[in-house]
Structure formats: C-alpha cells, structure tokens
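Close look at the chain arrangement
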Amino acid sequence: YVHDHVAKYIVQLMEATRKNAYIELGVSPRGTIACVRLAKAWAFLQRRNYVIPDDVTVQVLTQCREHLIQKTFESLKGIGHVTVDATLQEILSDVDKPTTYKRLRG
C-alpha cells in the first residue's frame, strides 16, 4: 500500500530532479512509476505491507541515482560541491517528508 501522501512525496522528488540546475535530464514519468514499484518491493522485503518515506529516500533514490539521472557537465566534472550525492541531498532537503503513511482502519 502506498499512502497518497507518500505517492505525492515520490512525485515531488522526481519533479525536483527535473528542475534541478545540476541535473540535465531528471527522472521521467515512467521512472517515477518504477520508483514506486521499487519502494513497494523494498517494503515487502522489510515485511511491511505499506511503503514508508524512508523506503523512497534510502533505498530507491540511493540505489537508482546513477541510472535515473543524467547530470550536467558541471556536475560530471565535480566542480565544487556538485556531486550526485550532494545534489540528491539538496533535493531531499527541499521536499517535505510526509508523516502519514499507513492506511487508516475504518
């Protein structure tokens, strides 16, 4: 299960990759769907039937960062603080992490 807040969080993170100055080609809509599927798979492996925000930030983004993001020339050269990790940390700090992610019983 992916709560609406977590789904919105994933979309906001992926959109942020497309708007970042150091990323030439961010995560596509199909890549966003793949991230949701990866987060679900990771949650399943952790014996949960729901996705938490850390499934997205820790597992999906860190494991897929090299494959999903085409960096600009400046970030490829590693000028200053511009690295993939620094760029992703900047994106993660700009997007608010949801606090609600479980299905309410009712």
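Before reading further, recall that the structure is shown in the block above.
None of these values were measured; they are calculated from a predicted model. The residue count restarts for each chain, going from 1 along the sequence in the order it is written. Residue-level local features of this predicted model are given only where pLDDT is at least 70; pairs of side-chain atoms are given and counted only at 80 or more, and the full residue set underlies all totals for whole chains, interfaces and linings. Heavy atoms throughout the structure, all of them, feed into the side-chain values; hydrogens and water do not.

1. Things to note about the pattern of salt bridges
The salt bridge criterion pairs a side-chain nitrogen of Lys or Arg with a carboxyl oxygen of Asp or Glu, the two atoms within 4 Å. Here the structure, examined in full by the defined rule, presents two salt bridges. Ionic pairing is found between aspartate 55 and arginine 48, a salt bridge with its closest N-O pair at 2.8 Å. Accessibility classification places aspartate 55 together with arginine 48 in one group, the buried group. For lysine 97, the salt bridge is made with aspartate 54, and the minimal N-O distance between the two is 2.7 Å. Here lysine 97, found in the segment after α5 (84–94), pairs with aspartate 54, found in helix α3 (residues 53–68); they are 43 residues apart in sequence, far enough to count as distant. Since its relative accessible area comes to 43%, lysine 97 is described here as partly exposed. For every residue, the accessible area obtained with a 1.4 Å probe (protein chains only) is divided by the maximum for its type, and the residue is called buried under 20%, exposed over 50%, and partly exposed between those limits. The numbering of helices and of strands both runs from the N terminus, where a helix is a DSSP run of H or I of at least 4 residues and a strand a run of E of at least 2.

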